[in-house]
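Structure assessment
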Amino acid sequence: MTHQSRTVHLSDYQPFTHLVTRVALTFRLAPRATEVAATLHFAPNPARPGRHDLRLDGENLTLKSLTLNGKPLDIIPDATGLTIPASLLPDAPFILETLVEISPETNTALEGLYMSRGMYCTQCEAEGFRKITFYPDRPDVMARFRVRVESDLPVLLSNGNPAGQGAAWAEWDDPWPKPAYLFALVAGDLKAHSALFTTASGSPVQLNIWVRPGDENRCAYAMDSLIRSMTWDERVYGREYDLSVFNIVAVDDFNMGAMENKGLNIFNSKFVLASPETATDDDFGRIEAIIAHEYFHNWTGNRITCRDWFQLCLKEGLTVFRDQQFSGDMRSHAVKRIEDVLLLRARQFREDGGPLAHPVRPDSFVEINNFYTATVYEKGAELIGMLKRLVGDDSYAKALDLYFTRHDGEAATIEDWLRVFEDTTGRDLAQFKRWYTEAGTPRVSVTEAWDGKTYALTLRQENPPTPGQPDKLPKVIPVALGLLNPNGDEILPTTVLELTEPEQTFTFSAATRPIPSLLRGFSAPVILERQASPEERAFMLAHDTDPFNKWEAGRALAKDVLARMIVDGASPGPDWLDALARVTLDDTLDPAFRALALRLPAEDDMAATLHAAGITPDPARIHAERRGMGDALARHLAPQLPALIAALAEPGPFTPDARAAGRRALRLACLSLLSRTDGGAAARAAHVRADNMTEDAGTLVCLLDIGEGAAEVQRFAARWGDDRNVMDKWFALQIAFAAPDRVAGVAGALTRHPAFDWKNPNRFRAVLGALSAHHAGFHHASGSGYRILADWLLRLDPLNPQTAARMSTAYETWPRYNADRSSLVQAELARMAAAPGLSRDLAEMVDRMRS
Ligand code: ZN
């Protein structure tokens, strides 16, 4: 990396030179010439004794005036901010006033103040506030904000409580000191879906979800999720809301999922708007989880924030863990855990095993936006779960109470977080801390011995090297274990073993040779290596009392079968087919669980598994064999499918609850199998009758998956052409279910479709994200997948570097593949690296992935 590179190191942290005690902002909104007047009250920071220059961050700001204690200052900003020399600053509190001009309409990066289809909105995390006004834009500078918005638009919002409004203005006052990244402003012609909430201690809170006119009738599920989240956080964590209003705004142009700005959450509209006709069950589940996630941030993120961006997992890991607990309580813990582990393996293990691997708490970065990753979020959440497992539920609850009382109003660190657990339990967490500082997924291998009386289980851990971290120390790994006897009775209920050494042996008395159920509930984010026969895996799929491991046995069996098909050309044997048929037809099991058991291993997962076993994966072959596996299952189950599908039909009107969603998931999984033997007749009939998006899109997928559905695709577009969120699905599905040889052609055609608005991140992701996620299409031997993505990233980068950089992670798996593919990827990375004016965001990502 040449230009614009600056590496920030955790070890360089120093408190800021000054404190900000008060902030008053006035916005005079205009699309190309918004004025921002700021009055900032500063004081010297006792934590930084001596006299210091004052450095304020600022980017793309036109400075119109600057005064210090009322006297004009003649200072010219540089490209990233301005410095007021210590010699000009009093050694006492002082007031700085600035007036700047910005242009929200031309802000295509969607960071700072920007416009989305006529409405103004902001995104400040992580470092967007510096695009709004000059300010110490770092999370440990916390201040009280008062905001005045001047505009003709009917709805004018900011953080905190309303503090007055009149013709073409509104004022907001936030009593809670906050870092600038939690600042937000929204102005637009919006309509509210409202409700009233009363906190446990009796304070009323006005809840509003603000959307474009016409979308008000799609807010009910988000509002219901919000109310359940608020109630849950009171009941489970003892945390109440702390303002008189809570506003949520839906915007169509947003780089991420949603943002937890204090009292004014801003959401990607696809994670708010839902009706049965337009949203799938997966959409409903995600809306519930993300509404909860952002709401939970009010305590884990806002009241207690991060000292610096290296501590990002402090708020994100904990808040993801909390939203996972919530979703589990609302739905099914077993199903939620399986889904979370699928996601963890697909995204985080993949990241941890490649060139982009980094610790949950990184120690350096070039662009912080590149570290909103699966490792920080999902592995960060796993670390909280492990900690809870190690100290127990009661100590976890006590430690959290201590965390909230000790650090309320502060900007904290991972050290602070671990200390509340040490102080609560007396336990030394020095070894546990390695989980935060060392990247890579530990591998745990298993050997067993039984002498007729004693069963000895030897666990060995290996911590593989990752970029910049060649040598690693052993971790503390909680391994939840159960033992079954050959009749399927549990002879040892779930017990947590603590693996702390490179190798340790645990012994149990056992009169018959037990079968271990290891890593129950996926008790640690590790790769467990234990060979087992197909008979044993089928036995565990039938008998394990731990629902996660029951599913895991089926998955391991399926992966073994598929690996043998790919490597030896074997065909799927009766062990797997019969075991899966039994689960599918077992009415005592949750349909959602059965649907998950029916899901075949992902192609990307198989590629990673083969690579780990020393076999170079061939994406085309993986794809073909996986299809063959599905066909074999379809033939095996064909006689039973029609009756099962009929039995799973939901009689009444659509409800988005977990029970109904589980039945639909199993029904669609069966319809998809049946389509392989009936040419799509049943799916086509169900498609015509579908009265909800889950079945509408789900049956369309059944058809696309067998190379049918052209007419249905046309009709879908005719019906939903005006709906942006639904049309994103239309774009994505056609690519996701195209045959590998057709993916590039379909993606190319869709990028030429008049509705392909590539500047909208959701639409860009619908097409280019679907291309990257199509394993055999993206890794096509021609290199067309690699090339199309690079072309589009280069086009997007100058406008929206954050989304371009994020989507470049598609290339991170290149070391798995053969020399031809690796060099095709390297050529695309080199082409991007050489592009003039490449953003710091994309430059850092490309640099980390180049060989
Ligand atoms: Zn978050």
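Conventions used here
Residues numbered from 1 in each chain as written. Predicted model: local features only at pLDDT ≥ 70, side-chain atom pairs only at ≥ 80, totals over all residues. UniProt positions renumbered as here; feature names shortened; annotations may be inferred. Helix = DSSP H or I, 4+ residues; strand = E, 2+ residues; numbered from the N terminus. Rg over C-alpha atoms; globule rule 2.2 N^0.38 Å. Buried ≥ 20, exposed ≤ 12 C-beta atoms within 10 Å, placed from the backbone. Pairing = 2+ DSSP bridges. Axes fitted to C-alpha atoms, helices over the stretch in contact; angles between N-to-C directions. Parallel < 35°, antiparallel > 145°, perpendicular 65-115°, else oblique. Contact = placed C-beta atoms within 7 Å. Nonpolar A, V, L, I, M, F, W, Y, C, P; charged D, E, K, R; others polar. pLDDT = per-residue confidence, 0-100. Right-handed = clockwise from strand over helix to strand, strands pointing away. Core = buried A, V, L, I, M, F, W, Y, C linked by C-beta atoms within 7 Å.

As annotated in an unreviewed UniProt entry, the protein chain carries the name Aminopeptidase N and comes from Paragemmobacter aquarius. According to the UniProt record, the Cofactor (unreviewed entry) comment for the protein chain is "Zn(2+)". Turning to the protein chain, the UniProt annotation filed under Sequence similarities (unreviewed entry) states: "Belongs to the peptidase M1 family."

**Some thoughts on the overall build of the protein chain**
When helices and strands are tallied, the protein chain shows 27 helices and 30 strands. Since a compact globule built from 851 residues should have a radius of gyration of about 29 Å, the 28 Å found for the protein chain is in line with a globular shape. Seen through its C-alpha atoms, the protein chain measures out along the principal axes to roughly 85 × 65 × 60 Å. For the protein chain, the residues scored as buried account for 50% of the 851 residues in total.

**Considerations on the sheet that holds strand 15 (residues 185-188)**
Pairing within the open sheet is antiparallel, and its four strands lie in the order 9-10-15-12. Of all strands in the sheet, those bounded by a partner on one side alone are strand 9 (112-116) and strand 12 (155-158). On average, each strand axis in the sheet is tilted by 20° relative to the strand beside it, whichever way the strands run. Where strand 12 lies against strand 15, four bridges are found, and the strand directions are antiparallel. Following the sheet pairing, Ser158 is matched in strand 15 by Leu185.

**Quick notes on unusual backbone geometry**
The residue after Glu125, namely Ala126, is reached through a cis peptide bond having omega 0°. The residue Ala126 is located in the loop between strand 10 (119-123) and strand 11 (143-150) in this model. Of note, the phi angle at Ala168 is positive, near 65°, even though the residue is not glycine. Here Leu519, not a glycine, exhibits a phi torsion of approximately 60°, which is positive. Among the structural elements, Leu519 can be located in the loop between strand 29 (515-518) and strand 30 (527-529). Overall, Leu519 belongs to the buried group, with 25 C-beta atoms counted inside 10 Å.

**Thoughts on the packing of helix 16 (residues 658-678) against helix 17 (residues 681-689)**
Interhelical geometry of helix 16 versus helix 17 gives an angle of 130° and a closest axis separation of 7 Å. Compared by their axis directions, helix 16 and helix 17 come out oblique. Contact residues: Leu671, Leu674, Ser675 and Asp678 in helix 16; Ala681, Ala682, Ala683 and Ala686 in helix 17. Partitioning the contact of helix 16 with helix 17 into residue classes produces six nonpolar, one polar and one charged.

**Considering the UniProt feature "domain: Peptidase M1 membrane alanine aminopeptidase" (unreviewed entry) in the protein chain**
Feature annotation in UniProt places "domain: Peptidase M1 membrane alanine aminopeptidase" (unreviewed entry) on residues 221-435, given in this structure's numbering. Structurally, residues 221-435 is divided into 55% helix and 9% strand, and its ends, taken at the C-alpha atoms, are 37 Å apart.

**Quick look at the environment of Val444**
With respect to the secondary-structure elements, Val444 resides in strand 24 (residues 443-450). The exposure class assigned to Val444 is buried, which follows from the 21 C-beta atoms found within 10 Å. For the pair Val444 and Glu503, spaced 59 residues apart in the sequence, the C-alpha separation amounts to 9.4 Å. The residues touching Val444, leaving out its near neighbours within four places in the chain, are Leu459, Arg460, Gln461, Ile477, Val526, Leu528 and Glu529.

**Points about the sheet that holds strand 20 (residues 264-268)**
Read across the sheet, five strands follow the order 16-17-18-20-19 without closing on themselves; strand pairing throughout is mixed. The sheet is open, and its two borders are formed by strand 16 (191-198) and strand 19 (258-259), each paired with just one other strand. Bridge count between strand 19 and strand 20: two bridges; the pairing is antiparallel. Looking at strand 20, one finds that Met259 is bridged to Ile266.

**A word on the confidence of the model for the protein chain**
Confidence in the prediction of the protein chain, expressed as mean pLDDT, is 98, and 100% of residues score 70 or more. Across the interface, the model reports ipTM at 0.99; the global pTM reads 0.99.

**Here we look at the UniProt feature "domain: Aminopeptidase N-like N-terminal" (unreviewed entry) in the protein chain**
Here, UniProt's "domain: Aminopeptidase N-like N-terminal" (unreviewed entry) annotation points to residues 101-182. Along residues 101-182, the helical share is 0% and the strand share 49%, with 21 Å between the first and last C-alpha atoms.

**So, the pairing of strand 17 (residues 204-211)**
Looking along a regular strand, one sees side chains alternate from face to face of the sheet. The sheet contact formed by strand 16 and strand 17 spans eight bridges and is antiparallel. Of the residues in strand 17, the one forming a bridge with Ala192 is Trp210. Two successive antiparallel strands, strand 16 and strand 17, enclose a turn made up of five residues, where Gly202 displays a positive phi of approximately 95°. Two strands pair when backbone bridges link them, and strand 17 and strand 18 (residues 245-251) are joined in this way by five bridges, in the parallel orientation. Its bridge partner being in strand 18, Ile209 is matched across the sheet by Ile248. With helix 1 (residues 220-237) bridging strand 17 and the parallel strand 18, this β-α-β connection has left-handed handedness.

**Some thoughts on the nonpolar core**
Of all hydrophobic cores here, the largest spans 245 residues; its most connected members are Val186 and Ile735. Residues in contact with Val186, not counting those within four places in the same chain, are Met119, Tyr120, Cys121, Leu157, Val249, Leu264 and Ile266.

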